[in-house]
Amino acid sequence: MAKIVKLDDIVSLCKRRGFIFQSSEIYGGLASCYDYGPLGVELKNNVKKAWWKSVVQMRDDVVGLDCSILMHPLVWKASGHADKFADLIAECKKCNTRTRIDHLKEKLVPSAVEGDAEQAEQHTEHVSIDTAQAKLHDLSNKICPNCGMVGQFTEPMPFKLMFETQMGANIDDSMTMYLRPETAQGIFANFRNVLDTTRVKIPFGIAQIGKSFRNEVTTKAFIFRTREFEQAELEFFCKPGTDEEWYEHWKQQRFDWYIKLGIKKENLRFREHDADELAHYAKACVDVEYRFPFGSGDWQELEGIANRTDFDLRQHQRGIRTLNKWFENDRDLSRIQLADEAKDYQAGPLSYFDDVQKHRYIPYVIEPSAGIDRSALAFLVDAYDEEEVRGETRNLLRFSAALAPIKVAVFPLVKREGMPEVAINIYNDLKKYFNCFYDEKGAVGRRYRRQDEAGTPYCVTVDGQTLQDNTVTVRERDSMEQIRVSTDQLKWYLCEKLDL
C-alpha cells in the first residue's frame with residue numbers, strides 16, 4: 001500500500017535535510033516567510049530551469065524577460081490592482097482574529113474547523129475597494145477558525161493586498177510605490193519593446209520568472225500560500241479568433257509538463273472556472289490542481305491557464321493617455337481616472353500590425369501562470385516515499401533526474417588504501433557536468449540512506465576492486481540495484497541515465 005503522505009512528514013524532512021527553513025528562525029521566525037536551504041535552492045532552481053526549458057528554450061515562438069519588481073504606479077491603476085485588489089475580511093469580536101469571509105465555514109459543516117486555511121485558493125476573485133463596504137454578508141452562522149466562536153464578527157471590510165513602499169530621498173519628492181502582486185503586468189508594459197527589438201510575429205509569447213508579493217490575510221500550509229512567492233508566467237499573444245485554439249494548446253502543454261517531471265497523473269486534474277468566478281478580465285480560465293496532503297487530502301491549484309482577451313493591452317493604452325493627469329494630481333492614484341477608451345484604440349501603441357493581411361488589431365492573450373514554490377511543494381510531496389528494507393524504514397524522494405538537487409554522490413568505501421584519493425578525482429571530474437556530492441563519513445549504508453532522503457538518483461562507490469580493474473559500483477536510488485561501470489565510461493553512463 002502506498003504511503004499516505006502528511007504535510008508534517010514533508011515539513012520535517014525539509015528541515016532535517018536542508019530543503020526549507022523558517023525565515024528568521026533564530027528570532028522566533030516570521031510567519032508565512034521561508035528560506036530555501038542548500039538542497040531546497042537546488043530543487044527550486046531545477047524547477048525554474050525545467051519550466052524555462054519547456055516554455056522558452058524548446059520553442060521558437062516564445063522569448064524571455066526579467067522585469068523590475070518596482071514599476072510606475074500607473075501600471076497598477078491601469079491593470080485594476082490599485083482599485084480592485086482587495087479581500088473582504090471580518091474580525092472575530094472575541095479573539096480579534098481577522099479572516100477572509102470566503103474562508104469562514106458554516107457552524108454545521110463537518111469540515112468547518114479542520115483544514116480551513118488549507119482549503120483556500122491562492123488566486124481568488126477580488127472585490128472593488130470602493131464597493132466592498134456596501135456588500136452585506138450574513139456571518140451569523142459562521143465560525144471563527146481560531147477560537148470557535150459562532151456569528152461574532154465585525155462587518156466585512158476591504159483589506160488591500162498590495163504592499164506599499166516609498167521611493168524618494170526626501171518627503172517632498174517621495175511617492176508611493178507597490179511591490180508587484182504579479183509578474184504579468186511587466187510583460188504587458190514591455191509588449192512594444194519586445195516587438196520593436198526582436199523579430200517575433202503573432203502568435204508569440206513572452207515568459208518571465210520572478211518574485212511577487214501579496215499581503216494575504218490567510219496563509220499557512222507551509223510554502224503553499226505565502227506573502228512572498230515566485231511566479232512563472234507566460235503571456236502568449238494571438239490573433240482574436242484563434243484564442244480558443246491556443247487556450248486548449250496551453251492547457252495540455254502545462255498539464256503534460258507536470259507528468260513528464262514525475263507527478264502521478266492520478267494526483268492531477270483540471271478544474272474549469274464557472275462563469276460567476278471568472279476574473280473580470282477573463283473569457284475562460286482553468287486550474288491545474290494537485291491533490292495536496294492538507295487534512296485528508298485536498299485538491300488545490302498548482303497553476304491557472306486563463307484567456308485574458310485583449311483586456312490588459314487596452315487598459316495600458318488608456319493608462320498611457322492618463323499620464324498627464326498623474327502630474328496634475330500630485331501623483332495621487334485615488335484622484336486619477338483612466339482616460340476613456342478611444343474609438344480608434346486598435347491603432348494605439350500597444351496594437352499589432354499584421355503586414356501580411358495589412359490589418360491592425362489588439363492581440364488576445366493566453367496566460368499560463370504557475371507558482372514555483374507551489375510546484376516545488378507538489379514535486380516534494382509526490383516524490384516522498386517510505387518503504388521497509390530489511391526490517392528498517394527507508395525514506396526517499398523519488399525525484400525525476402531533472403529536478404533532483406544532487407545528481408550523483410561519490411563515496412570511498414573506506415578512508416584508506418588510496419580509495420579517498422580515487423573518489424575525489426572522480427568527484428572533481430563529474431562535477432564539471434552536473435551537481436555532485438562527496439561523502440566519506442560513516443558506514444556506506446548510512447551514506448546511501450542520506451542520499452535517498454535527498455533524492456539523489458545515483459551513488460558511485462570506490463572500493464577495493466576499483467584499485468584492481470578501474471571499475472566502480474553505481475547504485476540506483478529507486479531500485480537500489482548496483483552494477484559495475486568502468487571509470488573511463490562513468491561520465492557517459494551517468495549522462496545517459498540522467499538524460500543530460
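Residues numbered from 1 in each chain as written. Predicted model: local features only at pLDDT ≥ 70, side-chain atom pairs only at ≥ 80, totals over all residues. Heavy atoms only, no water.

Participant: Where do I start with the sheet that holds strand β18 (residues 364-371) in this structure?
Facilitator: Each strand in a sheet pairs with its neighbour through backbone hydrogen bonds, running either in the same direction (parallel) or in the opposite one (antiparallel). Pairing within the open sheet is mixed, and its seven strands lie in the order β3-β11-β12-β18-β15-β14-β13. Lying at the two open borders of the sheet, with one neighbouring strand each, are β3 (62-64) and β13 (268-272). Going across the sheet, the axis of each strand differs from the next one's by a mean of 25°, ignoring polarity. The strands that helix α2 (residues 38-57) touches are β3, β11 (204-213) and β12 (228-238); relative to β11, the one it contacts most, it runs at about 160°. (Pairing = 2+ DSSP bridges. Helix = DSSP H or I, 4+ residues; strand = E, 2+ residues; numbered from the N terminus. Axes fitted to C-alpha atoms, helices over the stretch in contact; angles between N-to-C directions. Contact = heavy atoms within 4.5 Å.)

Participant: What should I look at first to understand the pairing of β11 in this one?
Facilitator: Regular strands have side chains that alternate between both faces of the sheet. Of all the 10 residues making up β11, nine are buried; the element is thus mostly covered by neighbouring parts of the structure. Looking at chain direction, β3 and β11 are connected through three bridges and run parallel. Residue pairing across strands places G64 opposite A207, the latter belonging to β11. As defined by bridge partners, β11 adjoins β12 across 10 bridges and the pair is classed as antiparallel. If you follow I206 over to β12, its bridge partner there is E235. (Buried < 20%, exposed > 50% of the residue type's maximum accessible area, 1.4 Å probe, protein only.)

Participant: Whenever I open this one, the sheet that holds strand β21 (residues 408-412) confuses me. Can you help?
Facilitator: Strand order in this open sheet of five strands is β22-β21-β23-β24-β25, and the pairing throughout is mixed. What marks the edges here is a single partner per strand, and that holds for β22 (436-438) and β25 (482-486). For this sheet, the mean inter-axis angle between neighbouring strands, taken without regard to orientation, is 25°. Where strand β23 (residues 458-462) and strand β24 (residues 471-476) come together, four bridges link them in antiparallel fashion. Its bridge partner being in β24, V460 is matched across the sheet by V474. Along the sheet, helix α13 (residues 444-454) contacts β21, β22, β23, β24 and β25; its crossing angle with β21, the most-contacted strand, is approximately 170°.

Participant: I tried to follow unusual backbone geometry on my own but got confused; where do I start?
Facilitator: Trans peptide bonds make up most of the peptide bonds, and negative phi angles are found at most residues other than glycine. Residue P203 follows I202 across a cis peptide bond; omega there is 5°. With respect to the element layout, P203 can be found in the loop between α7 (191-197) and β11. Phi is positive for S32, close to 65°, though the residue is something other than glycine. Along the chain, the position of S32 falls in the loop between β1 (20-22) and β2 (34-36). Classification of S32 by relative accessible area gives buried; the value is 7%. The backbone phi angle of N96 is positive, close to 65°, even though this residue is not glycine.

Participant: Whenever I open this one, the nonpolar core confuses me. Can you help?
Facilitator: Nonpolar side chains in soluble globular proteins tend to end up buried together. Grouped together as the largest cluster of nonpolar side chains are 59 residues, with contacts concentrated most on I10, F19, Y258 and L380. Grouped together as the second largest cluster of nonpolar side chains are 20 residues, I426, V472, V485 and C495 included. (Core = buried A, V, L, I, M, F, W, Y, C linked by side-chain atoms within 4.5 Å.)

Participant: When you look at the packing of α2 against helix α11 (residues 372-383) in this model, what are you seeing that I'm missing?
Facilitator: Contact pair α2 / α11: the axes reach a minimum separation of 10 Å and the direction vectors enclose 110°. On the basis of their axis angle, the class for α2 and α11 is roughly perpendicular. Contact residues: L43, K44, V47 and K48 in α2; I372, D373, S375, A376, F379 and L380 in α11. In terms of residue class, the contact of α2 with α11 is built from six nonpolar, one polar and three charged. (Parallel < 35°, antiparallel > 145°, perpendicular 65-115°, else oblique. Nonpolar A, V, L, I, M, F, W, Y, C, P; charged D, E, K, R; others polar.)

Participant: Would you mind showing me how to read α2 here?
Facilitator: At 3.6 residues per turn, the α-helix brings residues three or four places apart onto the same side. The terminal C-alpha atoms of α2, which comprises 20 residues, lie 26 Å apart, in line with the 28 Å expected from a rise of 1.5 Å per residue. All of the buried residues in α2 are L39, G40, L43, K44, N46, V47, K48, A50, W51, V55 and V56. (Expected span 1.5 Å × (residues − 1).)

Participant: Which parts of the structure should I look at to understand the environment of K251?
Facilitator: As for its placement among the helices and strands, K251 is situated in helix α8 (residues 243-260). The buried category is assigned to K251, whose relative accessible area is 9%. Setting aside chain neighbours within four positions, we find K251 in contact with F270, E272, V286 and I305.

Participant: What should I look at first to understand the pairing of β12 in this one?
Facilitator: Buried residues dominate β12, accounting for 10 of its 11 residues. Here six bridges tie β12 to β18, and the two strands are oriented antiparallel to one another. Note that in β18 the partner of Q231 across the bridge is G371.

Participant: I tried to follow the state of the cysteines on my own but got confused; where do I start?
Facilitator: A covalent bond bridging the sulfur atoms of two cysteines is what the word disulfide describes. In this structure the tally under the stated criterion is zero disulfides. A disulfide-free cysteine, C14 has its sulfur positioned 16 Å from the sulfur of C33, the nearest such atom. Free cysteine C495: the closest other cysteine sulfur is in C436, separated by 9.6 Å. (Disulfide = S-S within 2.5 Å.)

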